[in-house]
Amino acid sequence: MEDIKKAILDFAENSKKTKFYFSDMEKAVRKVIPDAKARAVKKAATELINEEKLIFFSTGSTSMYGLKGRGQTEDH
Amino acid sequence: MAFEPREPQKELKYDELRIYTDEELNNYTEEELKDFKIKHDIPDVEELEKGPWPSFVADAKREALHRRKLAEDRMLIERDVVEDLLGQLQVSFDDGETHWKHGGIVGVFGYGGGVIGRYSDLQEKFPSIAHFHTLRVNQPASKFYSTDYLRCICDLWEYRGSGLMNMHGSTGDIIFLGTFTEQLEPIFYELGHVLQQDLGGSGSNLRTPSCCIGRARCEWACFDTQDMCYELTHYYQDELHRPAFPYKFKFKFDGCPNCCVASIARADMSFIGTWRDEIRIDQEAVQAYINGEIQPNAGAHAGKDWGKFDIEKEVINLCPTQCMWMEDGKLMIDNKECTRCMHCINVMPRALRPGVDTGVSILFGAKAPILEGAQMSLLTVPFMKVEHPYDNVKELIEKVWDWWMEEGKNRERLGELIQRWGVPKFLEVIGLPPMPQMVKEPRSNPYIFWKEEDVPGGWKRTIEDYRKRHVR
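Remember, it's a predicted structure, so these values are computed and weren't measured experimentally.

Q: Describe the environment of Met-64 of chain A, listing the residues and the values that go with them.
A: Residues and elements named next belong to chain A. Within the element layout of this structure, Met-64 appears in strand 3 (residues 63-67). Judged by relative accessible area, which is 11%, Met-64 ranks as buried. With 45 residues separating them along the chain, Met-64 and Lys-19 place their C-alpha atoms 6.1 Å apart. Those residues in contact with Met-64, other than ones at most four positions away along the chain, are Lys-19, Phe-20, Tyr-21, Ile-55, Phe-56, Phe-57 and Thr-59.

Q: Lay out the sheet that holds strand 2 (residues 54-58) of chain A with the relevant residues and their values.
A: Residues and elements named next belong to chain A. Reading across the sheet, the three strands line up as 1-3-2 and stay open at both edges, with antiparallel pairing between neighbours. A single partner strand is all that each edge strand has here, and the edge strands are strand 1 (19-20) and strand 2. With two bridges joining them, strand 1 and strand 3 adopt antiparallel strand pairing. Each residue of the ladder has a partner; that of Phe-20, found in strand 3, is Tyr-65.

Q: Could you give an account of a nonpolar patch on the surface, with specific residues and numbers?
A: Residues and elements named next belong to chain B. A cluster of nonpolar side chains, namely Leu-48, Phe-56 and Phe-93, defines an oily patch on the protein surface of about 290 Å² accessible area. The residue Leu-48 is located in the loop between helix 4 (43-47) and helix 5 (56-69) in this model. Since its relative accessible area comes to 38%, Leu-48 is described here as partly exposed.

Q: Describe the nonpolar core, naming the residues involved and giving the relevant values.
A: Taken as a class, soluble globular proteins show a tendency for nonpolar side chains to be buried jointly. Counting 61 residues, the largest nonpolar core has Ile-8 and Leu-54 of chain A together with Phe-251 and Phe-271 of chain B as its most contacted members. Of all the elements, helix 15 (residues 391-407) of chain B adds the most residues to this core, at eight residues. Once residues within four sequence positions are removed from consideration, Phe-271 of chain B is found in contact with Phe-223, Met-228, Phe-251, Lys-252, Phe-253, Asp-254, Ser-263, Val-360, Ser-361, Ile-362, Val-393 and Ile-397 of chain B. By size, the runner-up hydrophobic cluster in this structure holds 28 residues, among which are Val-286, Ile-311, Cys-338 and Cys-344 of chain B.

What counts, and where the lines are drawn
- Residues numbered from 1 in each chain as written.
- Chains lettered and ligands numbered in written order.
- Predicted model: local features only at pLDDT ≥ 70, side-chain atom pairs only at ≥ 80, totals over all residues.
- Heavy atoms only, no water.
- Helix = DSSP H or I, 4+ residues; strand = E, 2+ residues; numbered from the N terminus.
- Buried < 20%, exposed > 50% of the residue type's maximum accessible area, 1.4 Å probe, protein only.
- Contact = heavy atoms within 4.5 Å.
- Pairing = 2+ DSSP bridges.
- Patch = residues over 30% accessible without salt bridge, like charges linked within 9 Å, V, L, I, M, F, W, Y side chains within 5 Å.
- Areas by Shrake-Rupley, 256 points an atom, 1.4 Å probe, with all protein chains shown as cover.
- Salt bridge = Lys/Arg side-chain N within 4 Å of Asp/Glu carboxyl O.
- Core = buried A, V, L, I, M, F, W, Y, C linked by side-chain atoms within 4.5 Å.

Shown next as structure tokens:
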């Protein structure tokens, strides 16, 4: 779990876009940990949300993830 | 089976939970409403009040007047939020474009859906709607409310939001329209801890499941839609609140093929009640219909004289598979040809009833987007028995989700993925053999391709061997 969380944070800090889809995050994790299951990646992402390191971002119709403090922030 | 809640539930009592007094709720007269003008000039918006239909503009004006007369400390967001909303709508009419900014980082802690962020881009002109976030509230199964429940949520929304709501959004949720960011967490707390309600789904989540009225009132329900909706809503809480799908995903539960929640047209996974034995026929009641003793369609079209009921014209000839006929004064049905269109049952409910060996048909891949690309769902599982706790259904759901999460592109619905990969691939994923029912024209459409392992001898048979037996 910890290594998945680390891979997610690495991706969130260095990705070209500041908000990203779950599947792009999942692909990035797979590059580091090839046998990571989607459910495990999701659970790790939820933990990071609860630790307030990641945030959810809504486009209105789709939801994305982002790193807290990077890119557009809470006060839009 | 009697309903058993997952956790103890208390009955909501409005008298204990109310925020406003009766005087505050009825604080204006119809006379005052007639003379009431909102603070902006809105000629085009007011056009919408004309004509025979009720108008949201008239309702919004009532709310605006009501808020104007409430005391300042009885509302936690600006009092003229409704007036600014109508004002901005007029500006949008003038400019021919919207002034809403959509999306962003709004939500409640731990949830990735349920709140849709919305901001005005004319904040200086309309400061009261600088934020105008929408909340989705998960509706009770089949939308059964008590008056106390409705009054409680209305009071909460008047106090912490605009007071405007939408009953209901297309997915079925109760929609709270318009509040400020700082009110979101308090509303979430009140809803969850005091009123025992939850937010619904939005974004790339499992959307709020919805069901028809089911066994609560309908004798045609072939399975307990409310129980299944409740069970799956609880079981898939994580999918409902924390987005990880490529896009939205909807479950809908229809108790019979009349499809009252239109699952076939808009759910990625539609559950439609059906039966696999025979339509039950009460021949005496058939005769009573023929003799005009019972009104057809349970009297639904009785307002006009349509002439004497003609079973030949109104039932038998309208059967899409022509599987009905009269024999010695008795109505006969060739049940294996029946496609469950429900027409005969709807016309003669006293005489015909669904069978007793009931379950669901499961269909996949419908979508009803606003602009283009609407698609009906595909019959995939013709019949499945469903009983609490629905383990067989959950197993199927998870196979589908795993495939879609793995292969689906961002913002690709399940129906689009099935189209992109083909039905045979989808059937392989869920482990079902192809069946004629899945194909629109089974005898002419080469929809299903054989695989080498399915064919005796594989692809390696020589043409010479074949020609020995089949001369050219």
